[in-house]
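# Architecture at a glance
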Amino acid sequence: MMRYVSTRGQSESLDFEGVLLRGLAPDGGLYVPESLPSFTPEQLADMAKLSYAELALEVTWPFVEGFMPRDEYAALLRETYAEFHHPAVAPLKQLDGQLWLLEQFHGPTLAFKDFALQLLGRLLNLALARKGQRGVVMGATSGDTGSAAIEGCRHGNQLDVFILHPHERVSEVQRRQMTTVLDDNVFNIALQGDFDDCQAMVKASFGDQSFLGGRQLIAVNSINWARVMAQIVYFFYAGLRLGAPARAVSFCVPSANFGHMFAGHLASKMGLPVDRFVVATNHNDALDRSIKGGVLERQPLKPSLSPSMDIVVSSNFERLLYSLGGDNADLIRDLMQTFAETGEAKIPDQIMQAATHLYSGAVSDDETVDTIKRWYAQTGEVLDPHTAIGVRVAEHHQGDSPMVCMATAHPAKFADAVVAAGLEPSALPVNMQDLMQREERYQVLPNDIATVQQYLADHT
Ligand SMILES: *Cc1c(COP(=O)(O)O)cnc(C)c1O
């Protein structure tokens, strides 16, 4: 049975159920599996014919084993990926000779976060039901995560879900994707403040949960191990369809908190032959600077046309550094301590030397718009701004292998960038065409923690 340890080495190890219900480790680190399963080329070749849900079972079972029976887990995965509105779940589309898109936006909320949150909601509900507990999911969102979390948890009869978004500062499509979910256990709070205020409120509430009178708060942010685990699968899925294990494939990932990219790193450690990993950022380019310059830096946030990639610190990058450094927790603890104290730290050479397959690039808003325009003219394909950033960086880092660009969101979610590129706003998919007419429900609350916590206490 898999155990999970902290990247900073000073917390007790946990089993799968433990990491499922837990956010950060008590020592401030992130949980990672103590060891990784790996697949031989022969095993990989056999996996090439599996459906998405069947492949998810093969790839993730070693992490879940012991938590639930294998046949029940298989059924849960089938149910999870049946929520996607494309028979291939994550279809590949050729953009030109060597560039491919992996369309990750066919889930209920039209962005890649559904891959993980649809599974996480089901696993959480199961774990809580077995313990005879109800859980309170609390999260802050500037857009994508909130709707994906709500869709993932709404059917969980052990869960109440509270999502805070900054009042009048998310797009109408994004707000409606959250507020038109009318299930009794879903509570949308429009906070009279900005996204940082929302985050601060969630953080403070996790720090002191006494206002809940004994019920447990659960985090569904992207440091949750089960989210990372679910995302390993589609790297195998794309690689196998493009000729792995006989042929290596490259991946380009539009990145923010780095959960997506770290999952790709794990896929390669588990036996998938990968030529290059390319990390793409917008002008919030701390990751790009870390990879090119070997330093961690904190910079002020600048809003962009790709809001789901606006980030100051990429939490999951710590997991990559830990892995590249040979699972050396002492090294990571020192590094992160210096970073916390000074806002800056040099990544040890031994870690940077292990990152030779890693490339990166940063893209401005103007370049994002230009990329959407150019690929539309060449192929008729409308890229969402996050995907466009990936494609642009991928163009500059092509080697001899096929390059898979992760298409992380549907362009209908981000009309501003599409319109800026001179195109008509993309239509919502058929199953969502009435989104603008659906009934909404949400509560506007002042930026005051006592009021928000009272609201939670009254509704759980
Ligand atoms: C969350 C998100 C990203 C960034 O993913 P990370 O795992 O945080 O790096 C990129 N694109 C879209 C559309 C997203 O919603």
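For the structure given in this document, a descriptive report is provided here. (Residues numbered from 1 in each chain as written. Predicted model: local features only at pLDDT ≥ 70, side-chain atom pairs only at ≥ 80, totals over all residues. Heavy atoms only, no water.)

### Observations regarding the overall build of the chain
Along the backbone of the chain there are 18 helices and 15 strands. Over its C-alpha atoms the chain spans a radius of gyration of 21 Å, differing by no more than 12% from the 23 Å that the globule rule assigns to 460 residues. By its C-alpha atoms, the chain is 60 × 50 × 50 Å across when sized along the principal axes. Residues classed as buried in the chain amount to 58% of the 460 residues present. (Helix = DSSP H or I, 4+ residues; strand = E, 2+ residues; numbered from the N terminus. Rg over C-alpha atoms; globule rule 2.2 N^0.38 Å. Buried < 20%, exposed > 50% of the residue type's maximum accessible area, 1.4 Å probe, protein only.)

### A word on empty space enclosed by the protein
A complete count under the given rule lists one cavity of 30 Å³ or more for this structure. Split into classes, the residues belonging to the lining of the largest cavity amount to six nonpolar, two polar and no charged. (1 Å grid on protein atoms, 1.4 Å probe; cavity = no way out; pocket = protein on both sides within 12 Å on 5 of 7 lines; lining within 4 Å. Points joined across faces, edges and corners; volume = space filled by probe spheres on them. Nonpolar A, V, L, I, M, F, W, Y, C, P; charged D, E, K, R; others polar.)

### Topic: the sheet that holds strand S15 (residues 443-446)
The strands that make up a sheet are held in pairs by hydrogen bonds between backbone atoms, and each pair lies either parallel or antiparallel. The five strands lie next to each other as S8-S5-S6-S7-S15, forming an open sheet whose pairing is parallel. Of all strands in the sheet, those with a lone pairing partner are strand S8 (216-218) and S15, marking the two edges. Averaged over all adjacent pairs, the angle separating strand axes in this sheet is 30 degrees, with direction ignored. Of the strand pairs in this sheet, strand S6 (residues 159-166) and strand S7 (residues 186-192) are connected by six bridges, and their pairing is parallel. (Pairing = 2+ DSSP bridges. Axes fitted to C-alpha atoms, helices over the stretch in contact; angles between N-to-C directions.)

### A short note on the packing of helix H4 (residues 70-81) against helix H5 (residues 113-131)
The N-to-C vectors of H4 and H5 enclose an angle of 135 degrees; their axes lie 10 Å apart at closest approach. Looking at the two axes, H4 sits oblique to H5. The chirality of how H4 crosses H5 is right-handed. Contacts between H4 and H5 pair Tyr73, Leu76, Leu77, Glu79, Thr80 and Tyr81 from the former with Phe115, Gln118, Leu119, Arg122 and Leu123 from the latter. Considered class by class, the residues forming the contact of H4 with H5 number seven nonpolar, two polar and two charged. (Parallel < 35°, antiparallel > 145°, perpendicular 65-115°, else oblique. Left-handed = near helix turned anticlockwise from the far one by under 90°. Contact = heavy atoms within 4.5 Å.)

### Some thoughts on helix H10 (residues 259-269)
Burial analysis of H10 places nine of its eleven residues in the buried class, the great majority of the element. Restricting attention to buried positions, one finds in H10 the residues Gly259, His260, Met261, Phe262, Ala263, Gly264, His265, Leu266 and Ala267. Against the buried residues of H10 lie helix H9 (225-241), strand S9 (249-254), strand S10 (274-281), helix H12 (317-324) and strand S14 (403-407). Positive backbone phi, approximately 115 degrees, marks Gly271, located one or two places after H10.

### Side note on the site of the ligand
What surrounds the ligand is a group of 15 residues, the closest being Lys113, Asp144, Ala256, Asn257 and Phe258. Taking Lys113, its side chain carries an N or O atom lying 2.5 Å from an oxygen atom of the ligand. Coverage of the ligand by the protein chains reaches 97% of its 380 Å² of free accessible surface. Its residues placed into classes, the shell around the ligand shows six nonpolar, seven polar and two charged. (Near = heavy atom within 4 Å. Polar contact = N/O pair within 3.5 Å; in protein donor to acceptor, adjacent residues only side chain to side chain. Areas by Shrake-Rupley, 256 points an atom, 1.4 Å probe, with all protein chains shown as cover.)

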